[in-house]
Amino acid sequence: MESDPWGNTRIYTSLLACYVDNKNDEVFNIGLALKMYSQSLSEIVTHNVAHTCSYSQWASREILCDRNYMEVCLSLVLLLSRWLNWAKTCLFLCQVSHRMAKTDDAVEGHTQEESNAASAAHGIWKMTFYTPEPVSMVQREAEQAGYSSMITSKRVVMRSPYNTPETYSEDVAGVPMEVFRVSAYYKDPHGLSVVNMVAACPTGGVLFTDDVISWHVPYRITPLLDGTFKVVEIHMGINGQRLDKAQISTRGYKLATTEFHIIVEIPIGAPDGYFKSHAPDYQYHIVYMVEPMLEVLWTAGNGHEDTRYKVLFPITTPLIARPPRHQDNTATGDQMFAVLLGDFLQDVELRNITFTTGVLTVQECNARGYIVQEHVALDNSMGFSLHVPFDADVVLKRNPELLVTEYVLPVSFGLVVMPEEVPFSHTLELHATLEDVVLPSLTGICDESNFYLSVKYGSQGSNFQTWLGPQHLTEEVLELYNFQENGTHFSLIVPYNAKDTAFEIITSNSIRARADLLLYDHINNRALANLFLACTFPLITTNCYSNGTMTAVAVKVESLNNLTPGSLTLKDTSCKPVFSDDRFAYFSFSVDSCGTTRTFFSHYVMYENEIGHFNTRNSYKRTSLATAPDPEYRQTISCYYVVNETKAISFGYKPRGVDFATQVGQGHLDVKMKLAYDSSYQSCYKDEEFPVTKYLREPLYFDVFLESSDPNLELLLDNCWATLHEDRTSTPSWDIIVDGCENQDDGYSTTFLPVHNPKVEFPYQHKHFSVKMFTFIRDEEVLEDQEKEMTLPKG
């Protein structure tokens, strides 16, 4: 019985089978009751099938090679003729043979009664198989071993399965053959007879190319032939049915003979066969299956005996890799992914599809709106289509360009081969792009104290980062700015003096501040939208009090990014802020201090001072009390008082016991700077040791001191700097000490060290500090090839 993947079933029955009604070896009837059932065993339907065949063209010997058995039958007429000839010429030998048969019975341990009973029931009572060594069995033992035999009115029949212990293999013209050889003892009207029977069936001989199957059968099958012979007929067929020459030609088959072989050629994919799916290692493959038939009729050399040799030989090709193909039918206008996956045989079934969010069955896909359909092409190949909208949650989205969205659909189709239910899969990724991005928009207004900022979402919602100036606005920071949000917008209220705004210009009664709002796509590293909103806000920078006190506020503006408000002073540089932070400095002083000037007008007097920060990077330290250079930051503050207004106040005082110097003098003092060997400052480099070689970032220990014997003097370091050349006014230069402090812009700032050297007579006249060795760089290149070390000049 043979079934193909589409449910078509063929049942082959030998004319000489046990359950065939045999009418004198000429008319044969068979009836079958076929029980058909679905997946539910309770749903069984019975079909009765009957068939009648007529066959009268029996050869003396018929050999049938079917897919699971070998059969040989001999004509009783031929056997009787042989027996009569043998009886006339070999009577003595027959008597001996008869006595030997009886002896064999005794040896085998079977009684005459058992032999007669077996003969009466089956005709054949004993068999001797040649493997090639003889092995004897009675009928019952042979049946238990899988063999069957019978005697009809005209023929003796023997049948053997393949690969039994009593069969053997033999190579014939390069083709492996399974051989079945037996002597059968049976009782006929003339007494006890014996017949020798042999069958040989091919088990190989098939060659494959990419397009053609070549089946080779030996032209001379030596186990069946022991003399001269003549081939009378050769027929080719498919599925047990002969084909005529026209059918063979139309279907592309070929039948040919050589000296050693009969060759049948069948194109792979010919209509009489079929393809079957397989999935080894989860990869899709197919095989082609076809069952050719070869029928040969030959006669022996004497011309009185003929043999009909028929082989039904199912052939399956090796696995043929057939990777699934897909056709991308995506239509961007419909915003719908569409793909067709094929080509599969009809024994393939789609079970599920894996998306980025998980696995869905076909039914679940259709329920969600992801349409899955099955398609059958004209050549009966199958395919499966899938439709998924761009906005589905299983679709990935990214923006390779600002206004372009790329939609990506990764899918894996889960398939099985039926009816074995062997799984395999196919993974693919679909891409589509649309210029469909609507960017978010920003608006803003101001009042006297706040910025009011509004953001309208674009087509991608709130999928961005919000930055205000240098600050990334996290959820916590947003709450500080009165964050309000709905489905399409969000808004912020930002005070003008918030730490994330920038100050552009300050006047005596106002300040110009700016809010920089940026929406940033952090996935693709690009700005989506920005807003630079600048407004002028009222700000009183100076307050004048009737007690002769002035207060002023100084603001760090954007153009002076490196400015430290705490380093600002009034004209008198000793007058520093009473409070400062990173953006503001607050001053409070009396009008007769800190270098304030007074100017009289006809009805009022003006007191004026100046807040400033002195730029020292390209200047040098002077030991004389010379005028400082112009400040890089300047803010003038002034107060006006009415001249003729008089107010009386009372005050008291308490004399102090310490006198202070009240006069400022000028003079000349010598200051020197030396380079010490180490931090102990026990010894310094001498003039003849210069230039001194040092490696980058190696500390340099400097000692700056006054050459004076006056114990009342103290040395204060105001500004120190380094230059590339010996000219201290040359550029480039770099500040080492600024206003008595380390340079805040220096990543390796100056370190001040205490003076503990016992050799120093007046420690207050010495200042010790260390600086790490560095090199000057311009446009990211080291000047004067200074790569690993620096040379300090003398002086």
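Position numbers for residues count from 1 along each chain, tracking the sequence in the order it is written. Predicted model: local features are reported for residues with pLDDT of at least 70 only, side-chain atom pairs are reported and counted for 80 or more only, and whole-chain, interface and lining totals are derived from all residues. Calculation of side-chain values draws on the structure's entire complement of heavy atoms; hydrogens and water are dropped beforehand.

(A) A look at the overall build of the protein chain. Within the protein chain one finds seven helices and 62 strands. A simple rule labels every residue: compare its accessible area, found with a 1.4 Å probe on the protein chains alone, to the largest value its type can have, and call it buried under 20%, exposed over 50%, or partly exposed in between. For the protein chain, the residues scored as buried account for 40% of the 795 residues in total. Considering only residue pairs separated by 6 or more positions, the protein chain has 59% of its internal contacts joining residues 24 or more positions apart. Roughly 45,700 Å² of accessible area belongs to the protein chain as shown, and the carbon and sulfur atoms make up 51% of that amount. Numbering of helices and strands runs from the N terminus, with a helix taken as a DSSP run of H or I at least four residues long and a strand as a DSSP run of E at least two residues long. By definition, residues are in contact when any of their heavy atoms lie within 4.5 Å. Each accessible area is a Shrake-Rupley result for a 1.4 Å probe, and residues are judged covered by the shown protein chains and nothing else.

(B) View of the sheet that holds strand β37 (residues 450–456). Only strands that DSSP links by at least two bridges are regarded as paired with each other. Pairing in this open sheet of four strands is antiparallel, and the strands run β36-β37-β41-β40 from one edge to the other. The sheet is open, and its two edges are formed by β36 (441–446) and β40 (484–485), each paired on a single side. Bridging between β37 and strand β41 (residues 489–495) involves seven bridges; their strand directions are antiparallel. Bridge pairing links leucine 453 to leucine 492 in β41.

(C) Examining the sheet that holds strand β58 (residues 751–753) more closely. The strand order across the open sheet formed by four strands is β52-β54-β59-β58, and the pairing between neighbours is antiparallel. Only two strands of the sheet have a single neighbouring strand rather than two, namely β52 (671–676) and β58. Each adjacent strand pair in this sheet contributes to an overall mean axis angle of 25°, direction not counted. With six bridges connecting them, β52 and strand β54 (residues 699–706) associate as antiparallel partners. Within β54, the residue paired with alanine 676 across the bridge is tyrosine 701. Axis angles are defined between N-to-C directions and span 0 to 180 degrees, where every axis is a line fitted to C-alpha atoms and, for a helix, only to the segment in contact.

(D) Structural detail: the environment of tyrosine 168. Take tyrosine 168: it is sitting in strand β12 (residues 168–172). Classification of tyrosine 168 as buried rests on a relative accessible area of 17%. In sequence terms tyrosine 168 and phenylalanine 180 are 12 residues apart; their C-alpha atoms lie 7.0 Å from each other. Residue contacts for tyrosine 168: discarding those within four places in its chain leaves Tyr130, Thr131, Pro132, Met177, Glu178, Val179 and Arg181.

(E) Structural context of a nonpolar patch on the surface. Residues Phe600, Phe601, Tyr604, Tyr640 and Val643 make up a contiguous nonpolar surface patch of about 500 Å² in total accessible area. Topologically, valine 643 is positioned in the loop between β51 (631–642) and β52. Accessibility expressed as a relative area gives 41% for valine 643, which makes it partly exposed. Exposure above 30% relative accessible area and the absence of a salt bridge qualify a residue for a patch, where like charges join within 9 Å and nonpolar side chains (Val, Leu, Ile, Met, Phe, Trp, Tyr) within 5 Å. Each salt bridge in this description consists of a side-chain nitrogen of Lys or Arg and a carboxyl oxygen of Asp or Glu lying within 4 Å of one another.

(F) Summary view of the state of the cysteines. Throughout, a disulfide means two cysteine sulfur atoms within 2.5 Å of one another. Here the structure, examined in full by the defined rule, presents four disulfides. Shown here is the disulfide that connects cysteine 446 with cysteine 535, its sulfur atoms set 2.0 Å apart. Torsion about the S-S bond of the cysteine 446 and cysteine 535 cystine: about 70°, corresponding to right-handed handedness. With a gap of 89 residues between them, cysteine 446 in strand β36 and cysteine 535 in strand β44 (residues 526–538) connect regions that are remote in the sequence. When its relative accessible area of 26% is taken as the criterion, cysteine 446 is described as partly exposed. Here cysteine 544 is linked by a disulfide to cysteine 639, with a sulfur-sulfur distance of 1.7 Å. Torsion about the S-S bond of the cysteine 544 and cysteine 639 cystine: about -95°, corresponding to left-handed handedness. On the criterion of sequence distance, the pair formed by cysteine 544 in strand β45 (residues 542–544) and cysteine 639 in strand β51 is long-range, its members being 95 residues apart. Of the residues examined, cysteine 544 reaches a relative accessible area of 36% and is grouped as partly exposed. Among the residues examined, cysteine 639 registers a relative accessible area of 0% and is labelled buried. The connectivity of the disulfide bonds within the protein chain can be written as 1-2, 3-4, 5-8, 6-7, using the sequence rank of each bonded cysteine.

(G) Fine view of the environment of tyrosine 162. Counting through the fold element by element, tyrosine 162 comes out in the loop between β11 (155–160) and β12. The spatial distance from the C-alpha of tyrosine 162 to the C-alpha of glutamate 178 is 7.1 Å, given a sequence separation of 16 residues. From its side chain, tyrosine 162 meets the backbone oxygen of aspartate 66 in a polar contact 3.0 Å long. The term polar contact refers here to a pair of N or O atoms within 3.5 Å; inside protein, the definition further demands a hydrogen-donor-capable atom paired with an acceptor-capable atom, and it admits residues adjacent in sequence only when both atoms are side-chain atoms.

(H) Focus on the pattern of salt bridges. This model, assessed by the stated rule, comprises 24 salt bridges. Here lysine 276 makes a salt bridge to aspartate 347, at a shortest N to O gap of 3.1 Å. With lysine 276 in strand β21 (residues 274–278) and aspartate 347 in the loop between β28 (336–344) and β29 (348–355), this pair connects stretches of sequence that are 71 residues apart. Of the residues examined, lysine 276 reaches a relative accessible area of 8% and is grouped as buried. Close ionic contact of arginine 526 with aspartate 521 constitutes a salt bridge, the shortest N to O distance being 3.9 Å. In this structure arginine 526 comes out as buried when scored by relative accessible area, which is 17%. One salt-bridge network, in which partners are shared between bridges, spans Glu504, Arg512, Arg514, Asp516 and Glu558.

(I) Just the packing of aromatic side chains, in detail. The criterion for an aromatic pair is that two Phe, Tyr or Trp rings (for Trp, the six-membered ring) have centres within 6.5 Å, with stacked assigned to planes under 30 degrees apart, edge-to-face to planes over 60 apart and tilted to the rest. Summed over the entire model, instances satisfying the criterion amount to 32 aromatic pairs. Residues phenylalanine 28 and tryptophan 58 carry aromatic rings whose centres are separated by 6.2 Å and whose planes lie at 70° to one another, so their mutual orientation is edge-to-face. Within this pair, whereas phenylalanine 28 is found in strand β4 (residues 27–37), its partner tryptophan 58 is found in the loop between β5 (44–54) and β6 (61–65), the two being separated by 30 residues in sequence. Judged by centre distance (6.1 Å) and plane angle (45°), the rings of tyrosine 457 and phenylalanine 490 are tilted. Highlighted residues: tyrosine 457 in the loop between β37 and β38 (465–468) and phenylalanine 490 in strand β41, separated in sequence by 33 residues. Here a set of aromatic residues connected by ring pairs shows up, and it is made of Tyr219, Phe229, Trp298 and Tyr309. A ring has a charge above it when a Lys NZ or an Arg CZ is no more than 6 Å from the ring centre and no more than 35 degrees off the ring normal. Positioned over the ring face of tyrosine 69 is arginine 159, at 4.8 Å from the centre of the ring. One residue, arginine 583, lies across the ring of phenylalanine 503, its end atom 4.0 Å from the ring centre.

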